[in-house]
Amino acid sequence: MKPFHNLIKGASFVASTCHRGSGGTTKRLAMVSELQKYMRVDSLGKCLRSNNKEIPILLKQGKTALESLQLKRQAISHYLFYFAFENTFERGYVTEKVFD
């Protein structure tokens, strides 16, 4: 764990499903866009890609799913917060984001 004073005082957000028209996807991107008006939220995934010039944190794709997950953890570990919004509403669904 990084010391508090070394963390980026803001949040990271990662989303790879960007298609418009899907209720949850559209709402989560709108939520992140609105939050970006009030605080630093760096979008590191394919959707709503931020152009972070201060401290460039890049989310790289690994050769395997496990490597990609490790790279994601490494990238978001620079931030004080991580925003995880789902793109769907399904009864009984448990997101993988809790376990990432």
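Our subject is the structure listed above.
Structure report, in brief. (Residues numbered from 1 in each chain as written. Predicted model: local features only at pLDDT ≥ 70, side-chain atom pairs only at ≥ 80, totals over all residues. Heavy atoms only, no water.)

**Comments concerning the overall build of the protein**
Reasoning step 1: Scanning the protein from terminus to terminus reveals two helices and three strands.
Reasoning step 2: The N-to-C order of helical and strand elements in the protein reads β-α-β-α-β.
Reasoning step 3: Expressed as a percentage of its 100 residues, the buried residues of the protein come to 31%. (Helix = DSSP H or I, 4+ residues; strand = E, 2+ residues; numbered from the N terminus. Buried < 20%, exposed > 50% of the residue type's maximum accessible area, 1.4 Å probe, protein only.)

**Structural notes on the environment of Gln36**
Reasoning step 1: Checked against the element boundaries, Gln36 lands in helix α1 (residues 23-36).
Reasoning step 2: Residue class for Gln36 comes out partly exposed when judged on its relative accessible area of 30%.
Reasoning step 3: In the structure, Gln36 is positioned 25 residues away from Ala11 in sequence and 9.5 Å away in space, judged by C-alpha atoms.
Reasoning step 4: Gln36 has contacts with Val41, Leu48 and Ser50, leaving out every residue within four places of it along the chain. (Contact = heavy atoms within 4.5 Å.)

**Describing the pattern of salt bridges**
Reasoning step 1: Counted under the stated rule, the structure contains two salt bridges.
Reasoning step 2: A salt bridge links Lys37 to Glu34; the nearest nitrogen and oxygen atoms lie 3.0 Å apart.
Reasoning step 3: One salt bridge connects Asp42 with Arg40, and the closest N-O pair in it is separated by 2.9 Å. (Salt bridge = Lys/Arg side-chain N within 4 Å of Asp/Glu carboxyl O.)

**Regarding the sheet that holds strand β1 (residues 8-13)**
Reasoning step 1: Here we have three strands laid out as an open sheet, ordered β2-β1-β3, and parallel in their pairing. Since the sheet does not close on itself, it has two edges, and those belong to β2 (41-43) and β3 (79-83), each with one partner. Along the sheet, successive strands turn relative to each other by an average axial angle of 30°, direction set aside.
Reasoning step 2: In the sheet, β1 pairs with β2 via three bridges, with the strands oriented parallel. Within the sheet, the bridge partner assigned to Phe13 lies in β2 and is Ser43. (Pairing = 2+ DSSP bridges. Axes fitted to C-alpha atoms, helices over the stretch in contact; angles between N-to-C directions.)

**Brief notes about a nonpolar patch on the surface**
Reasoning step 1: Taken together, the side chains of Phe4, Leu80 and Phe81 make up a nonpolar region of the molecular surface, amounting to roughly 300 Å² of accessible area.
Reasoning step 2: Looking at where Leu80 falls in the secondary structure, it is placed in strand β3.
Reasoning step 3: Given a relative accessible area of 30%, Leu80 falls into the partly exposed group. (Patch = residues over 30% accessible without salt bridge, like charges linked within 9 Å, V, L, I, M, F, W, Y side chains within 5 Å. Areas by Shrake-Rupley, 256 points an atom, 1.4 Å probe, with all protein chains shown as cover.)

**Some thoughts on the environment of Ile76**
Reasoning step 1: For Ile76, the location among the structural elements is in helix α2 (residues 65-76).
Reasoning step 2: Under the relative-accessibility criterion, Ile76 is labelled buried at 16%.
Reasoning step 3: Taking the C-alpha atoms as reference points, Ile76 and Leu58, 18 residues apart in sequence, are found 9.5 Å from one another.
Reasoning step 4: In contact with Ile76, not counting residues within four places along its chain, are Ser12, Val14, Leu44 and Tyr82.

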